[in-house]
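Structural characterization, general
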Amino acid sequence: MAWWLMKSEPDVYGIHHLQAEGTTLWDGIRNYQARNFMRAMEIGDRAFFYHSNASPPGIVGLMEVTETGLVDPSQFDAASKYFDPASKPEAPRWDCVRLAYRATFPAMLSLEALREQFSVEDLAVVRRGNRLSILPVSAASAARLFRLLGVEPDA
């Protein structure tokens, strides 16, 4: 099982949305590196849900990958802000995964707290100016995150 950190703005799609829906397609990713990270995901992988562009930003919950290799439908929807006119149904450019809600943590682990506890090498989200919305997390860093959050990994 691999670990990931996935960012979303809470007013666009927050942990409360995922909790209410139970599952979601993680669509609208338009960065090739983030897309490639999604392509590396496997069913059963876990992802920390990170609220970005929030005050403060930070880790708020946990998700599980339940489906992989899905075609992102928003790339073909002309009304979507994620529409990609260069992408064709016979050769889609953008993928997505389906994620299931696992937990909302009792307290947010803020970016400030993460910067106090992790180096850039340990957790890429602490790098200043990092805008990538999907990042891998090592098993060792995931274990540290759970200790800091005060919850068990199978939350």
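For the structure itself, look to the data block above.
In what follows, the accompanying structure is described. (Residues numbered from 1 in each chain as written. Predicted model: local features only at pLDDT ≥ 70, side-chain atom pairs only at ≥ 80, totals over all residues. Heavy atoms only, no water.)

Here the focus is the packing of aromatic side chains. Inspection of the entire model under this criterion finds seven aromatic pairs. Aromatic pair W4 and F37: ring centres 5.9 Å apart, planes at 50°, arrangement tilted. Of this pair, W4 sits in strand β1 (residues 3-8) while F37 is found in helix α3 (residues 32-40), placing the two residues 33 residues apart along the sequence. For the pair formed by W4 and F37, the shared burial category is buried. When the centroid spacing of 5.2 Å and the interplanar angle of 45° are considered together, the rings of F48 and F146 count as tilted. Residue F48 is located in strand β3 (residues 46-51), and its partner F146 is located in helix α5 (residues 139-149); the two are separated by 98 residues in the primary sequence. Overall, the relative accessible area of 0% leaves F48 in the buried class. The class of F146 is buried, set by a relative accessible area of 2%. The structure contains a cluster of three or more aromatic residues connected by ring pairs, namely W3, F48, F105 and F146. (Phe/Tyr/Trp six-rings, centres within 6.5 Å; stacked < 30°, edge-to-face > 60°. Helix = DSSP H or I, 4+ residues; strand = E, 2+ residues; numbered from the N terminus. Buried < 20%, exposed > 50% of the residue type's maximum accessible area, 1.4 Å probe, protein only.)

Along the chain, the position of R35 falls in helix α3. With no salt bridge to any partner, buried R35 finds its closest opposite charge in D95, at an N-O distance of 5.1 Å. A distance of 2.9 Å separates the side chain of R35 from the backbone oxygen of R93, its partner in a polar contact. (Lys, Arg positive; Asp, Glu negative; His and termini not counted. Salt bridge = Lys/Arg side-chain N within 4 Å of Asp/Glu carboxyl O. Polar contact = N/O pair within 3.5 Å; in protein donor to acceptor, adjacent residues only side chain to side chain.)

Next up on the list: the environment of A113. As for its placement among the helices and strands, A113 is situated in helix α4 (residues 111-117). On the basis of relative accessible area, A113 is assigned to the partly exposed category, the value being 22%. Here the alpha-carbon distance between A113 and A2, two residues 111 residues apart in the chain, equals 23 Å.

A separate point is α5. Within the span of α5, buried status applies to S141, A142, L145, F146 and L149. The arc that holds every buried residue of α5, seen down its axis, measures 140°, which confines them to one face. α5 presents A140 and R147 as exposed residues on the side facing more than 90 degrees away from its buried surface. Residue G150 follows α5 closely and has a positive phi angle near 75°. (Arc of directions from axis to C-beta.)

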